[in-house]
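Spelled out from the first residue to the last, the chains are:
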Amino acid sequence: MARPFPHHRPAALALLNGFPGLSHKTAGFLGHVCVAPALTDRQRNWLVKLLDQHGQPPLADGGAS
């Protein structure tokens, strides 16, 4: 099993780089996450869901402030 992403920024960037067919809405969200210093619970939940849907490693506990 792959190592969890240590922070939300590299997790979002991995999705943007690895899946060019993402919807405009999803890509915009991930672009915001790449530069956001912290995430809300709702943003973190969506990121976790996207990682799972695309077969990516999970976000480490505490990986999103």
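Residues numbered from 1 in each chain as written. Predicted model: local features only at pLDDT ≥ 70, side-chain atom pairs only at ≥ 80, totals over all residues. Heavy atoms only, no water.

1. Here's the deal with the packing of aromatic side chains
Inference 1: Enumeration over the complete set of coordinates arrives at 1 aromatic pair.
Inference 2: Ring centres 4.1 Å apart and planes at 25° place the aromatic pair F29 and W46 in the stacked group. Here W46 lies in helix 3 (residues 41-53) and F29 lies in helix 2 (residues 24-35), a separation of 17 residues in the sequence.
Inference 3: Take F29: its relative accessible area is 9%, and that puts it in the buried class. (Phe/Tyr/Trp six-rings, centres within 6.5 Å; stacked < 30°, edge-to-face > 60°. Helix = DSSP H or I, 4+ residues; strand = E, 2+ residues; numbered from the N terminus. Buried < 20%, exposed > 50% of the residue type's maximum accessible area, 1.4 Å probe, protein only.)

2. A few points about the environment of F5
Inference 1: As for its position among the elements, F5 is in the segment before helix 1 (8-18).
Inference 2: Expressed as a C-alpha distance, the spacing of F5 and G28, which sit 23 residues apart in the sequence, is 20 Å.
Inference 3: Aside from chain neighbours lying at most four places away, what touches F5 is P10, A11, A14, L51, Q56, P57, P58, L59 and A60. (Contact = heavy atoms within 4.5 Å.)

3. Some remarks on the packing of helix 1 against helix 2
Inference 1: At a closest axis distance of 8 Å, the pairing of helix 1 and helix 2 adopts a crossing angle of 145°. Considering only the axes of helix 1 and helix 2, their crossing is left-handed. Only A27, L30, G31, V33, C34 and V35 of helix 2 make contact with helix 1, whose side of the interface consists of H8, R9, A12, L13, L15 and L16.
Inference 2: Split into classes, the residues belonging to the contact of helix 1 with helix 2 amount to 9 nonpolar, 2 polar and 1 charged. (Axes fitted to C-alpha atoms, helices over the stretch in contact; angles between N-to-C directions. Left-handed = near helix turned anticlockwise from the far one by under 90°. Nonpolar A, V, L, I, M, F, W, Y, C, P; charged D, E, K, R; others polar.)

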